[in-house]
Amino acid sequence: ENNMSFQTLTLEIDNHVATITLNRPEMMNAFSEQLIWEMGEATKTVKDDSQIRVLVITGEGRGFTAGADLSERDASWSDTKDALERGYYPFLKNIIDMPKPVIGSINGAAAGIGAAVAMACDLRIMAKEAYIMSVFSNIALVPDGGLSFLLTREIGYSRALEYAIEAKKISADECLNLGIANKVVELDHLKESTMEWAHHLSKRSPQALANTKKIMRQAVTQSYDEIFAEEAKIQQSIFSNEENLEGVTAFFEKREPNFK
């Protein structure tokens, strides 16, 4: 089920797991305009396909992604704001909003807007040598792609500020300690470990995964009362439906549930 129409990435679907691999290894998977548009298309395809239950995003070669391709000269953006709002925002929003968990399989450097892509994912598994880095201050810029929000939210203001203004690498081990890497593995085992995790999650209740992601994403910016009400509303809408009944039946029959 491979979509061969992409030039700068690959989209593979295996059972209920999709994998998007950024594929400009000679440029450390830096974002050209082409890659930005193709990420928009690939993430929309995955978002809209209810058969896909988990998305993995990774990079080909040594890097996850080095960020924006600063060598590109002929892009159609009118300015930086245009590139961010018209280019990056739609695909980052697809990652954040899609009703299925997105695993960032961080095989190498995730720098600049690459750090924003890594942090937009719901879960992260990192190779030991991989790192996340907000490089922007090195060239007198601010974090973008929502990185200021995502990093601060995940590791707290003072730590996020320190890493951003000093443009320091956040190593895989540090990411694990800070709670932004769920797992750290040897690079040799990254693909295998990622797929094992993704296929494990793909067998769990899609409605539980989708709705928990939605509620917990909102929990960051909303109050206890709002989230309590949201949980109650969503619980009511899925309680005793087919998936819920299959889960309960499987529990009593001491078997693995089979979610259609």
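Up top is the structure.
Residues numbered from 1 in each chain as written. Predicted model: local features only at pLDDT ≥ 70, side-chain atom pairs only at ≥ 80, totals over all residues. Heavy atoms only, no water.

Peer 1: Lay out the sheet that holds strand β8 (residues 169–171) with the relevant residues and their values.
Peer 2: If you trace the three strands from one edge of the open sheet to the other, you get β5-β7-β8, paired in mixed fashion. At either margin of the open sheet sits one strand with a lone partner, and together these are β5 (109–111) and β8. Between one strand axis and the next, the sheet turns through 20° on average, direction left out of account. As paired elements, β5 and strand β7 (residues 131–133) share three bridges and run parallel to each other. Paired with A111 across the bridge in β7 is M133. (Pairing = 2+ DSSP bridges. Helix = DSSP H or I, 4+ residues; strand = E, 2+ residues; numbered from the N terminus. Axes fitted to C-alpha atoms, helices over the stretch in contact; angles between N-to-C directions.)

Peer 1: Would you mind going over helix α5 (residues 157–166) in detail, with residue names and values included?
Peer 2: The complete set of buried residues in α5 reads A160, Y163 and A164. One side of α5 holds all its buried residues, which, seen down the axis, span an arc of 95°. Looking at α5, the residues exposed on the side facing more than 90 degrees away from the buried face are S158 and I165. Where α5 terminates, the next one or two residues include A167, which has phi positive at roughly 50°. (Buried < 20%, exposed > 50% of the residue type's maximum accessible area, 1.4 Å probe, protein only. Arc of directions from axis to C-beta.)

Peer 1: Tell me about the pattern of salt bridges, and please be specific about residues and values.
Peer 2: A complete count under the given rule lists 17 salt bridges for this structure. Residue D122 is joined to K213 by a salt bridge in which the shortest nitrogen-to-oxygen separation is 2.8 Å. Of this pair, D122 sits in the loop between α3 (113–120) and β6 (123–127) while K213 sits in helix α8 (residues 206–219), and the two are 91 residues apart along the sequence. The class of K213 is buried, set by a relative accessible area of 10%. With its nearest N and O atoms 2.7 Å apart, the salt bridge here joins E253 to R255. For E253, a relative accessible area of 48% corresponds to the partly exposed category. Residues joined in a network through salt bridges with shared partners are R159, E162, E166, K168 and E174. (Salt bridge = Lys/Arg side-chain N within 4 Å of Asp/Glu carboxyl O.)

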